[in-house]
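Structure assessment
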Amino acid sequence: MILRTCGLTKKFDGLTAVDQVDFAIEKGTITAVIGPNGAGKSTFFNLISGFLAPTSGEICYNGRDITRLKPYERARLGIGRTFQTTRLFEQATVLENVMIGHRLRTKLGLWDALFKTRRLKREETASREKAHEALAFTGLLPKSDRLVSELSQEEKKRTAIALALATEPEIVFLDEPAAGINPEETEKLAELMKKMVKKGITICLIEHKMQMVMNLADKIMVLNHGKKIAEGTPDEVKHHEEVIRAYLGGGISA
Amino acid sequence: MSALLNGRIWSLILLLAAVIFPFLTENQYYLHILSMAFIWAIAVYGLNLISGYTGYLSLAHAGFFAVGAYSAGLLMVKTGLNFWLALAAAILITAVAGFLIGLVSLRTKEHFFAIYTLCVGYIIYLIIYKWEELTEGVRGLIGIPHPAPLGPFSFETPRSQYYLLLFFLVLVIWMMKRIVHSLVGSTYTAIRNSEELAEAIGINVMKQKLVSFVVSTVLAGLAGALYASFVRFIGPDISYVSITFDMLTYLIVGGIGTLAGPLVGTILIVALTQSLQFLEDFRMLIFGPLLIALIIFYPRGIAGGVSSWLHNRRKETVFAAGMERTVNVKGESQ
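The paragraphs below set out a description of the structure included in this document.

With that settled, consider the overall build of chain B. A count of helical and extended segments in chain B gives 14 helices and two strands. In terms of C-alpha radius of gyration, chain B reaches 22 Å, essentially the compact-globule figure of 20 Å for 334 residues. Counting every position in chain B, which comprises 334 residues, the buried fraction comes to 48%. A fraction of 78% describes how many contacts in chain B between residues 6 or more apart in sequence connect residues 24 or more apart. When the accessible area of chain B is evaluated, it comes to approximately 16,700 Å², of which 70% is carbon and sulfur surface. Where the 20 positive side-chain charges of chain B centre and where its 16 negative ones centre are 9 Å apart.

So, about the interface of chain A and chain B. In this assembly, 32 residues from chain A lie in contact with 29 residues from chain B. Each partner contributes to the roughly 2,500 Å² buried at the junction of chain A and chain B, and carbon and sulfur atoms together form 67% of this total. Scanning the region where chain A abuts chain B turns up one salt bridge. The closest approach of N and O atoms between E196 of chain B and R87 of chain A, which form a salt bridge, is 2.1 Å. The tally of links between chain A and chain B comes to eight residue pairs in polar contact (both at pLDDT 80 or more).

A separate point is the sheet that holds strand β6 (residues 79–81) of chain A. All names here are of chain A. The strand order across the open sheet built from six strands is β6-β7-β8-β3-β9-β10, with neighbouring strands paired in mixed fashion. In this open sheet, the two edge strands, each paired with only one partner strand, are β6 and β10 (227–232). Across the sheet, the axes of successive neighbouring strands diverge by a mean angle of 20 degrees, strand direction being ignored. In the sheet, strand β9 (residues 219–224) pairs with β10 via five bridges, with the strands oriented antiparallel. Paired with M221 across the two strands is E231, which belongs to β10.

On to helix α2 (residues 28–53) of chain B, then. All names here are of chain B. A rise of 1.5 Å per residue sets the reference length of α2, with its 26 residues, at 38 Å; its end C-alpha atoms lie 36 Å apart and thus fit the reference within 8%. At L47, α2 shows its largest bend, some 30 degrees. Extensive coverage of α2 is indicated by the burial of 22 of its 26 residues. With a side-chain oxygen lying 2.9 Å from the backbone nitrogen of Y29, the N-terminal cap of α2 falls on N27. Of the residues trailing α2, G55 is marked for its positive phi of about 85 degrees.

Residues and elements named next belong to chain A. Summed over all chains, the structure comprises 20 salt bridges over all chains. Where D175 meets R81, a salt bridge forms, and the shortest distance between an N and an O atom there is 3.8 Å. Here the residue D175 occupies a position in strand β7 (residues 171–175), and R81 occupies one in strand β6, the gap between them amounting to 94 residues. The salt bridge partner of R105 is E168, with a shortest N-O separation of 3.5 Å.

The next subject is the layout of surface pockets. Residues and elements named next belong to chain B. Taken as a whole, the second largest pocket holds about 690 Å³ of empty space. The wall of the second largest pocket is formed by 29 residues, among which I243, D246, Y250, T273 and R283 lie closest to the centre. Breaking the lining of the second largest pocket down by element, the ones donating at least two residues are α2, α10 (205–231), β2 (233–234), α11 (241–254), α12 (261–275) and α13 (284–297). By residue number, the principal contributor to the lining of the second largest pocket is α11, which donates eight residues. Taken together, the residues that form the lining of the second largest pocket break down as 19 nonpolar, seven polar and three charged.

Turning our attention to the packing of α2 of chain B against helix α7 (residues 158–180) of chain B. All names here are of chain B. Put simply, α2 and α7 touch, their axes get as near as 9 Å, and they point 20 degrees apart. The angle between the axes of α2 and α7 places the two elements in the roughly parallel class. For the crossing formed where α2 meets α7, the hand is left-handed. Here Q28, L31, L34, S35, F38, I39, A41, I42, Y45, L49 and Y53 of α2 lie close against α7, whose contacting residues are P158, R159, Y162, L165, L166, F168, L169, V172, I173, M176, I179 and V180.

Next up on the list: the sheet that holds strand β2 (residues 15–25) of chain A. Two pairing modes exist for strands in a sheet, parallel and antiparallel, and in both the strands are linked by backbone hydrogen bonds. Residue and element names in this part refer to chain A. Read from one edge to the other, the open sheet built from four strands follows the order β2-β1-β4-β5, with strand pairing classed as antiparallel. The open sheet terminates on both sides in strands that have one partner only, identified here as β2 and β5 (64–65). Sheet topology places strand β1 (residues 3–12) next to strand β4 (residues 56–61); five bridges connect them, and they run antiparallel. Note that in β4 the partner of C6 across the bridge is E58. The strands touched by helix α1 (residues 41–49) are β1, β2 and β4; relative to β1, the strand with the most contacts, the crossing angle is about 120 degrees.

Here the focus is the nonpolar core. Formed by 142 residues in total, the largest nonpolar core has its most connected members in M193 and M196 of chain A together with W40, F65 and I234 of chain B. With 16 residues, α2 of chain B is the largest single contributor of residues to this core. When sequence neighbours within four positions are dropped, the list of residues in contact with M196 of chain A reads F137, I161, L165, V172, I201 and I203 of chain A. Counting 24 residues, the second-largest nonpolar core is a separate cluster that includes L8, L47, I59 and I206 of chain A.

Conventions adopted
Residues numbered from 1 in each chain as written. Chains lettered and ligands numbered in written order. Predicted model: local features only at pLDDT ≥ 70, side-chain atom pairs only at ≥ 80, totals over all residues. Heavy atoms only, no water. Helix = DSSP H or I, 4+ residues; strand = E, 2+ residues; numbered from the N terminus. Rg over C-alpha atoms; globule rule 2.2 N^0.38 Å. Buried < 20%, exposed > 50% of the residue type's maximum accessible area, 1.4 Å probe, protein only. Contact = heavy atoms within 4.5 Å. Areas by Shrake-Rupley, 256 points an atom, 1.4 Å probe, with all protein chains shown as cover. Lys, Arg positive; Asp, Glu negative; His and termini not counted. Charge placed at Lys NZ, Arg CZ, Asp CG, Glu CD. Buried area = accessible area lost by both parts, 1.4 Å probe. Salt bridge = Lys/Arg side-chain N within 4 Å of Asp/Glu carboxyl O. Polar contact = N/O pair within 3.5 Å; in protein donor to acceptor, adjacent residues only side chain to side chain. Pairing = 2+ DSSP bridges. Axes fitted to C-alpha atoms, helices over the stretch in contact; angles between N-to-C directions. Expected span 1.5 Å × (residues − 1). Bend = angle between axes of the 7 residues up to and from the residue. 1 Å grid on protein atoms, 1.4 Å probe; cavity = no way out; pocket = protein on both sides within 12 Å on 5 of 7 lines; lining within 4 Å. Points joined across faces, edges and corners; volume = space filled by probe spheres on them. Nonpolar A, V, L, I, M, F, W, Y, C, P; charged D, E, K, R; others polar. Parallel < 35°, antiparallel > 145°, perpendicular 65-115°, else oblique. Left-handed = near helix turned anticlockwise from the far one by under 90°. Core = buried A, V, L, I, M, F, W, Y, C linked by side-chain atoms within 4.5 Å.

Here is the structure:
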């Protein structure tokens, strides 16, 4: 078990966005978090990556309590993430964007830059090599000198993943990686994720494209109104009564 | 590579021009104006680091300029400290002030940060204005000595002072170039681009912002200390908000977030201001529309406009060369 949450809860004033969620992610698997809009999936991601502090509950990573750590500290421990909107620096090249991903593994300070120390050269070379490696892995090497603004939506998504890979993560949280991408490209993206798992990286993703999720995920958690309503293999979840009710409407409230 | 070489050649030509300039003109007035422009440019380079590269619009910059100027001025006038020691002390004092203010102000973002620092700048102004026992208030601080001689160099004449200021400006530009073109500089740009993404890839955003802010205030303080001993009189008005906006104008006209921007903008506007002196306050009728037009058509100022024009032209040549090659290959295969 690489990551686990216990009674994780986040309240915004009156609204409970995430409600007592107990959840575990196994190492080397693909886990998907699904649920209708407003179910609390993104809030759940933000709690795990540290952008929001939980109201109660805790998060354990490799047996260590990380509930109070800052986002950058979690990234340094090996928790990577991407955003729904990629947020890349559009006016810089793909390589420049991805190179900065290795910054957390460097010890560079202002003095290194001012005096062009040996460490600066060494660590800049290491960052460039790491970026090359991540770009080769994601199939973006031919595009590495292009400006991000010249890329297609799918290439931008892959660049964002390459950036996350450059941080040398153990687990990566992908927030709707296939949003706004055509079916054929979605297929390629799924392949990339399988490749990442083969390399030993654990993946957790939020996704609305059911077909992709059902084919890809080892385990699925379903959130609705902040509560975990189901958890299991794609087949189990597919036939879960409450899940069907949550997705097809009616049910509880009607 | 050839572009880099060109860039280097251009900087050398510019530097050479700056070095021989005092021998080209007998007019002390031009020398004075250019020396002043050098001082402002140093401060604007500081502003550029935090506002241009790191994305935090600081409006306290005239305040930090004044902290540097008054620290150096007071130490020299009231305790008779040597200029060089006073300069070092002024830099240290501004750095500490920048650190403390940055620690608080950098918790705010975007326009809140701008408003917060605007207030900080105004508070610095009020302190200088009201604390007469220390700063002499509105009377100002008079009789600040020239820079003390350093070994064989003395700085009594306008020409020698010009070279001293040029030295500091070149030093600052060289420092900025090193920072901006390194992974340390791209860390700042990453923060400007998206603080959340930067945080998510493991960058200690608060620490990086603080370093950038302190460096930017140190440059403002350095410029202030040089100003004090160059003009030899300082009053509270050097910390006034309008000075911050002058610096911001230089930066925006020259090109915010570019390496050449602060230099280009400062020299251009300072020179323009001087040559339009006869229009008095009606100068603003020229500056206003100029600024608006520039922001609409060249949001990254003159330096940014030129560099994207060069970029496009290079792309076109590459494209044309590619086309030619395709045509040739086709011709050969026939």
